[in-house]
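A structural walkthrough
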Amino acid sequence: AQTVTQSQPEMSVQEAETVTLSCTYDTSESDYYLFWYKQPPSRQMILVIRQEAYKQQNATENRFSVNFQKAAKSFSLKISDSQLGDAAMYFCAYSGGSNYKLTFGKGTLLTVNP
Amino acid sequence: KAGVTQTPRYLIKTRGQQVTLSCSPISGHRSVSWYQQTPGQGLQFLFEYFSETQRNKGNFPGRFSGRQFSNSRSEMNVSTLELGDSALYLCASSLELAGADTQYFGPGTRLTVL
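Below: a short report on this structure. (Residues numbered from 1 in each chain as written. Chains lettered and ligands numbered in written order. Predicted model: local features only at pLDDT ≥ 70, side-chain atom pairs only at ≥ 80, totals over all residues. Heavy atoms only, no water.)

Observations regarding the nonpolar core
Counting residues in hydrophobic clusters, the biggest one holds 25 residues, and the most contacted among them are Tyr 25, Trp 36, Phe 75, Leu 77 and Tyr 90 of chain A. Where this core is concerned, the elements lending two or more residues are strand E3 (19-21), strand E5 (32-39), strand E6 (46-52), strand E8 (64-69), strand E9 (74-79), strand E10 (88-96) and strand E12 (108-113) of chain A. A total of four residues in this core trace back to one element, the largest contributor, which is E10 of chain A. Judged by nonpolar contacts, the second largest core, of 21 residues, contains Leu 21, Met 76, Leu 81 and Leu 111 of chain B. (Core = buried A, V, L, I, M, F, W, Y, C linked by side-chain atoms within 4.5 Å. Buried < 20%, exposed > 50% of the residue type's maximum accessible area, 1.4 Å probe, protein only. Helix = DSSP H or I, 4+ residues; strand = E, 2+ residues; numbered from the N terminus.)

Some points on the state of the cysteines
Using the criterion set out here, one finds two disulfides over all chains in the structure. Note that Cys 23 of chain A is cross-linked by a disulfide to Cys 92 of chain A, the S-S spacing being 2.0 Å. One disulfide, between Cys 23 of chain A and Cys 92 of chain A, carries an S-S torsion of -70° and so falls in the left-handed class. Of this pair, Cys 23 of chain A sits in the loop between E3 and strand E4 (24-26) while Cys 92 of chain A sits in strand E10; the two residues are 69 residues apart in sequence, bridging distant segments of the chain. Residue Cys 23 of chain A shares its accessibility class with Cys 92 of chain A, and that shared class is buried. Disulfide pairing is shown between Cys 23 of chain B and Cys 91 of chain B; the S-S distance is 1.7 Å. Judged by the sign of its S-S torsion, about -55°, the bond between Cys 23 of chain B and Cys 91 of chain B is left-handed. Of the two residues, Cys 23 of chain B sits in strand E3 (residues 19-24) while Cys 91 of chain B sits in strand E9 (residues 87-94), which places them 68 residues apart along the sequence. (Disulfide = S-S within 2.5 Å.)

Regarding the environment of Tyr 104 of chain B
All names here are of chain B. Looking at the secondary structure, you find Tyr 104 in strand E10 (residues 104-105). The exposure class assigned to Tyr 104 is partly exposed, which follows from its relative accessible area of 42%. The spatial distance from the C-alpha of Tyr 104 to the C-alpha of Gly 28 is 12 Å, given a sequence separation of 76 residues.

Side note on the sheet that holds strand E1 (residues 5-7) of chain B
Residues and elements named next belong to chain B. Strand order in this open sheet of four strands is E1-E3-E8-E7, and the pairing throughout is antiparallel. On the outer flanks of this sheet lie E1 and strand E7 (64-68), each paired with one strand and no other. Within this sheet the neighbouring strands show an average axis-to-axis angle of 20°, counted without direction. Bridge count for E3 against strand E8 (residues 74-78) is five bridges, and the pairing is antiparallel. (Pairing = 2+ DSSP bridges. Axes fitted to C-alpha atoms, helices over the stretch in contact; angles between N-to-C directions.)

A few points about unusual backbone geometry
Cis geometry marks the peptide bond from Thr 7 of chain B to Pro 8 of chain B; its omega dihedral reads -10°. The phi angle at Asp 81 of chain A is positive, at roughly 50°, despite the residue not being glycine. Within the fold, Asp 81 of chain A resides in the loop between E9 and E10. One non-glycine residue, Ser 72 of chain B, adopts positive backbone phi at about 80°. With respect to the helices, strands and loops of the structure, Ser 72 of chain B is situated in the loop between E7 and E8.

Quick word on the packing of aromatic side chains
Counted by the stated rule, this structure contains 16 aromatic pairs over all chains. Ring geometry for Phe 104 of chain A and Tyr 35 of chain B: centres 5.3 Å apart, planes at 85°, overall edge-to-face. Highlighted residues: Phe 104 of chain A in strand E11 (residues 101-104) and Tyr 35 of chain B in strand E4 (residues 31-38), drawn from two different chains. Of the residues examined, Tyr 35 of chain B reaches a relative accessible area of 0% and is grouped as buried. Seen from their ring centres, Tyr 35 of chain B and Phe 105 of chain B are 5.6 Å apart, and the 35° between their planes marks the pair as tilted. Residue Tyr 35 of chain B is found in strand E4, and its partner Phe 105 of chain B is found in strand E10; the two are separated by 70 residues along the sequence. Pair check on accessibility: Tyr 35 of chain B and Phe 105 of chain B agree, each one buried. (Phe/Tyr/Trp six-rings, centres within 6.5 Å; stacked < 30°, edge-to-face > 60°.)

Now the structure itself:
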């Protein structure tokens, strides 16, 4: 079974600084998707960024970018110029196989200090 | 477009009872997924329905069941409630299979089992 590991249960960053959240996954598939979702306190979960495994170029969305290392099965999220509104639980997720079943990591709680 | 809605938002039940939760996806979305979120276990996938068919299923006992209607609305049912079923139940919808597409999450239903 596929597993997704987020080794940092909690992280903190100073406002305007850069932080990187780690995610590793285990799979034997060659074609799959990877996601980072964000769940702010008492608010709905939203997609931050999505990466398709066959694309070598790292996905970027404004201040959010990923470092996708397919051989190492690593998918880290970099948040640049951190803002107070970035404080949230961040979930890494993997999907693959014929039905693209999703597997989520345990999450990383990010605190942004003013 | 209206977002994903879930009803009820809060629910209190006692052990042994059963409960039905409802989810209305974004108009046009064919996939609805359900998740259980607890502090201890994190975010766990329950099942995914796509065009009224269950496409993926998580590792939950048979007490957890679901269905999807022709208008894509979905319900999940938990029978013979246990204390450990207390959780936030999240519903998410997407145009295509959840693992290959962006999911849009609802606000969740907070279930408390006494």
